[in-house]
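What follows is each chain in one-letter form.
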Amino acid sequence: ICKAIDLRDNELISVAGDKTMKLWALNNNKYECKNTITFQNETGRCNILKLNENEFVTSSRYNKLLRFWNSNNYTNISNIDNIESDCDNKSLCKLDDDILCVGGNNSKGFYLIKISSHQLIKNIPGPNNVFCIYKCFDNYFLCSILRNNNYFLVKYKYHNQNLIKKIEKSSNVEIYNCIELNKETVVSSGHSINLWKY
C-alpha cells in the first residue's frame, strides 16, 4: 500500500503500486478488504486525497493522469490527463475548499485545479522537484523541494490563484515528506527524521 485515507466511519480506501485501489471496512477490530478495483494500462496508483464527503482524487505514477472518484459508488467520474510529473508520489493538497494543488518530481512547478469543475485553472512555474505539499496551521502551505542538489522547505501563501513565498530553509539531508507539529515546528522525513524550527 502506498497511501490510505479515511473515507468515512470505519472505512478506509488505499492505493498501491500493484495497480489496485482497495476498500477496507472495520470488522471485529480488524480491517478487511471489501472491494478491489484494478486499473488497466497504468504503472500503479501512488497517492490519494479526500476532497469532500462525495469525492476523492488519485494520482498515477509516471504518467500525467489524475482521476476523480465518487466516494459513494467508487466510480471514476472524470480525469485530468496533462499533469506533468513522474514522481513516485505526486503531491496533492487542498489549498482551500475548491482548489487542489498538485506538484511532483519534474512537475514544472505547481498545478492549481478547481475541485468543483475538475478543471486545471493554472500552472504556476516554480521548482521542478516538489516532493510534498502540506497545509499548515496558519493557512500557509509547506512544500519540500530539490534545487541544485540541495533540499529546501518552503512556505507559501495561496491568494487569488497565486502562490506567495514566505519562508525558505535549506538542508543537506533528504526531505521527502513533512508535517507541521505546531506553528513553529516541522518534522521532515527522508533517509532520516529531522525537526525544523521557524
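Up top is the structure.
Residues numbered from 1 in each chain as written. Predicted model: local features only at pLDDT ≥ 70, side-chain atom pairs only at ≥ 80, totals over all residues. Heavy atoms only, no water.

S.K.: Report on the overall build of the protein, specifying residues and quantitative values.
M.R.: Scanning the protein from terminus to terminus reveals zero helices and 19 strands. For a compact globule of 198 residues, the expected C-alpha radius of gyration is about 16 Å, and the protein comes in at 17 Å, within 12% of that figure. For the protein, the spread of C-alpha atoms along the three principal axes comes to 45 × 35 × 30 Å. Looking at the protein as a whole, 45% of its 198 residues qualify as buried. Expressed as a percentage of contacts within the protein between residues at least 6 apart in sequence, the contacts between residues at least 24 apart total 34%. As presented, the protein carries roughly 10,000 Å² of accessible surface, and 44% of it is formed by carbon and sulfur atoms. In the protein, which carries 25 positive and 20 negative side-chain charges, the distance between the mean positions of the two groups comes to 3 Å. (Helix = DSSP H or I, 4+ residues; strand = E, 2+ residues; numbered from the N terminus. Rg over C-alpha atoms; globule rule 2.2 N^0.38 Å. Buried < 20%, exposed > 50% of the residue type's maximum accessible area, 1.4 Å probe, protein only. Contact = heavy atoms within 4.5 Å. Areas by Shrake-Rupley, 256 points an atom, 1.4 Å probe, with all protein chains shown as cover. Lys, Arg positive; Asp, Glu negative; His and termini not counted. Charge placed at Lys NZ, Arg CZ, Asp CG, Glu CD.)

S.K.: How would you sum up the state of the cysteines? Please name residues and give values.
M.R.: On inspection of all chains with the given rule, the structure shows zero disulfides. The thiol of Cys 143 is unpaired, and the distance to the nearest cysteine sulfur, on Cys 132, comes to 7.2 Å. Given the relative accessible area of 0%, Cys 143 is considered buried. (Disulfide = S-S within 2.5 Å.)

S.K.: Before we move on, could you go through the nonpolar core and cite the residues and values that matter?
M.R.: Counting residues in each nonpolar core, the largest one holds 17 residues, and the members touching the most others are Leu 95, Phe 110, Ile 133, Cys 143 and Leu 163. When residues of this core are traced back to their parent elements, those giving at least two are strand 9 (91-96), strand 10 (99-103), strand 11 (110-114), strand 13 (130-135), strand 14 (140-147) and strand 15 (150-159). For this core, the element with the highest residue contribution is strand 15, accounting for four residues. When sequence neighbours within four positions are dropped, the list of residues in contact with Leu 95 reads Cys 101, Leu 112, Lys 135, Phe 141, Tyr 158 and Leu 163. Counting residues in each nonpolar core, the second largest holds 13 residues, with Leu 66, Leu 92, Leu 100 and Tyr 111 among its members. (Core = buried A, V, L, I, M, F, W, Y, C linked by side-chain atoms within 4.5 Å.)

S.K.: So, the pairing of strand 19 (residues 193-197): which residues are in play, and what are the values?
M.R.: Across five bridges, the pairing between strand 18 (residues 185-189) and strand 19 is antiparallel. Considered in strand 19, the bridge of Val 187 is made with Leu 195. What sits between strand 18 and strand 19 in their antiparallel hairpin is a turn of three residues. (Pairing = 2+ DSSP bridges.)

S.K.: Pulling in residues and values, what's your account of the environment of Asp 138?
M.R.: Tracing the backbone through its elements, the reader meets Asp 138 in the loop between strand 13 and strand 14. Among the residues examined, Asp 138 registers a relative accessible area of 22% and is labelled partly exposed. Along the chain, Asp 138 and Thr 185 lie 47 residues apart, while their C-alpha atoms are 12 Å from each other. With near-sequence residues (within four places) excluded, Asp 138 lies in contact with Lys 155, Lys 157 and Lys 166. Looking at Asp 138, its side chain comes within polar contact range of the side chain of Lys 155, at 3.2 Å. (Polar contact = N/O pair within 3.5 Å; in protein donor to acceptor, adjacent residues only side chain to side chain.)

S.K.: Explain the sheet that holds strand 13 to me, using residue names and the numbers behind them.
M.R.: On the basis of which strands lie adjacent, the open sheet formed by four strands has the order 13-14-15-16 and antiparallel pairing. Here the strands that pair on one side only, and so sit at the sheet edges, are strand 13 and strand 16 (162-171). Here the strands of the sheet are splayed against their neighbours by 20 degrees on average, with no regard to which way each runs. Bridge count for strand 15 against strand 16 is nine bridges, and the pairing is antiparallel. (Axes fitted to C-alpha atoms, helices over the stretch in contact; angles between N-to-C directions.)

These results come straight from atomic positions and should not be treated as a statement about function.
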